[in-house]
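A closer look at the structure
Here's the letter readout for the chains.
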Amino acid sequence: INRPTGGRGWVSALDLTQDVPAEAFCGDGRVPTLLEALRASIANRDGQGLQALVSPRRGLTVRFDWWNPEVSYRASDVANVMGSDSPVDWGTQLSGGPITGSFKEVVLPRLDEVAIGEIGRGCSEMLIGPTLREARWPSEYTNLNYYALHRPAEATGSEYAWTTWLVGVEYVDNQPYVSHLVQL
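Residues numbered from 1 in each chain as written. Predicted model: local features only at pLDDT ≥ 70, side-chain atom pairs only at ≥ 80, totals over all residues. Heavy atoms only, no water.

Under the criterion given, the structure shown has seven aromatic pairs. An aromatic cluster is present here, built from Phe25, Tyr147 and Tyr171 joined pairwise through their rings. (Phe/Tyr/Trp six-rings, centres within 6.5 Å; stacked < 30°, edge-to-face > 60°.)

This paragraph deals with the packing of helix α2 (residues 30-43) against helix α4 (residues 103-115). For the pair α2 and α4, the least separation of the axes is 9 Å and the interaxial angle reads 130°. As the angle between them shows, α2 and α4 are arranged oblique. Between α2 and α4 lies a crossing of left-handed hand. Counting all contacts with α2, which are made through Arg39, Ile42 and Ala43, the residues of α4 involved are Leu108, Leu111, Asp112, Val114 and Ala115. Of the residues that constitute the contact of α2 with α4, the class distribution is six nonpolar, no polar and two charged. (Axes fitted to C-alpha atoms, helices over the stretch in contact; angles between N-to-C directions. Helix = DSSP H or I, 4+ residues; strand = E, 2+ residues; numbered from the N terminus. Parallel < 35°, antiparallel > 145°, perpendicular 65-115°, else oblique. Left-handed = near helix turned anticlockwise from the far one by under 90°. Contact = heavy atoms within 4.5 Å. Nonpolar A, V, L, I, M, F, W, Y, C, P; charged D, E, K, R; others polar.)

With that settled, the discussion passes to the pattern of salt bridges. Under the criterion given, the structure shown has twelve salt bridges. Across the salt bridge formed by Glu36 and Arg39, the nearest N and O atoms sit 3.2 Å from each other. You can see Glu36 and its partner Arg39 sitting in helix α2, three residues apart, about one turn around the helix. Take Glu36: its relative accessible area is 36%, and that puts it in the partly exposed class. For Arg39, a relative accessible area of 7% gives the class buried. (Salt bridge = Lys/Arg side-chain N within 4 Å of Asp/Glu carboxyl O. Buried < 20%, exposed > 50% of the residue type's maximum accessible area, 1.4 Å probe, protein only.)

Quantified by volume, the second largest pocket comes out at close to 250 Å³. If you trace the second largest pocket, you find 13 residues lining it, with Thr131, Arg133, Tyr160, Trp162 and Leu184 closest to the centre. For the lining of the second largest pocket, a count of residues per class yields eight nonpolar, two polar and three charged. (1 Å grid on protein atoms, 1.4 Å probe; cavity = no way out; pocket = protein on both sides within 12 Å on 5 of 7 lines; lining within 4 Å. Points joined across faces, edges and corners; volume = space filled by probe spheres on them.)

Taking 1.5 Å per residue, 14 residues should reach 20 Å; α2 reaches 20 Å between its end C-alpha atoms and fits that length. Among the residues of α2, Val31, Leu34, Leu35, Leu38, Arg39, Ser41 and Ile42 are the ones counted as buried. The buried residues of α2 occupy an angular sector of 165° when projected down its axis, which confines them to one face. Just downstream of α2, Arg45 is the residue with a positive phi angle, here 55°. (Expected span 1.5 Å × (residues − 1). Arc of directions from axis to C-beta.)

So, on to α4. Along its 13 residues, α4 runs just 15 Å from first to last C-alpha, ending more than 12% under the 18 Å computed at 1.5 Å per residue. At Pro109, α4 shows its largest kink, close to 30°. Residues of α4 that are buried include every one of Phe103, Val106, Val107, Leu108, Leu111, Asp112, Val114 and Ala115, and no others. Of the residues flanking the end of α4, it is Gly117, one or two places downstream, whose phi is positive at about 90°. (Bend = angle between axes of the 7 residues up to and from the residue.)

None of the figures reported here should be taken as evidence of function without further support.
As structure tokens, this is what we get:
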């Protein structure tokens, strides 16, 4: 890379992504179609369908709560993630307790909350309910566009019982793909 202050440097190609301005991203009609296909693949437990939506370059990175560590799946492994019983360390609960279990035990039930039924969508905007803690798009992903998929709390339940997943979208050869899933 050419440094703005002069000279040259290098970065890992995996840390680079195609730059798409937010206005162009939010106006790209292919992205809502991608999100609906994502919702359908989750609702139908269609691992092959999910794999077709995931970045062929980066695979799929999942964060069960934005502050927890990344769990990354290679694109070639995504087709089997919904049926796998392999335990994963997803990080910690706000209370400090560990979150462990397979993708299908821990992540999939929470994804179901935004995969089925009516939800709100926000392009590069946070959609959340009341919260006692910070909810945000991780700073490491600042230059990556995302959509919020939000299910508000039921009117008869706790106002804190909302669910939001942020779906990071990476362009590979001008084609949008799902690259990150971040629960808030």
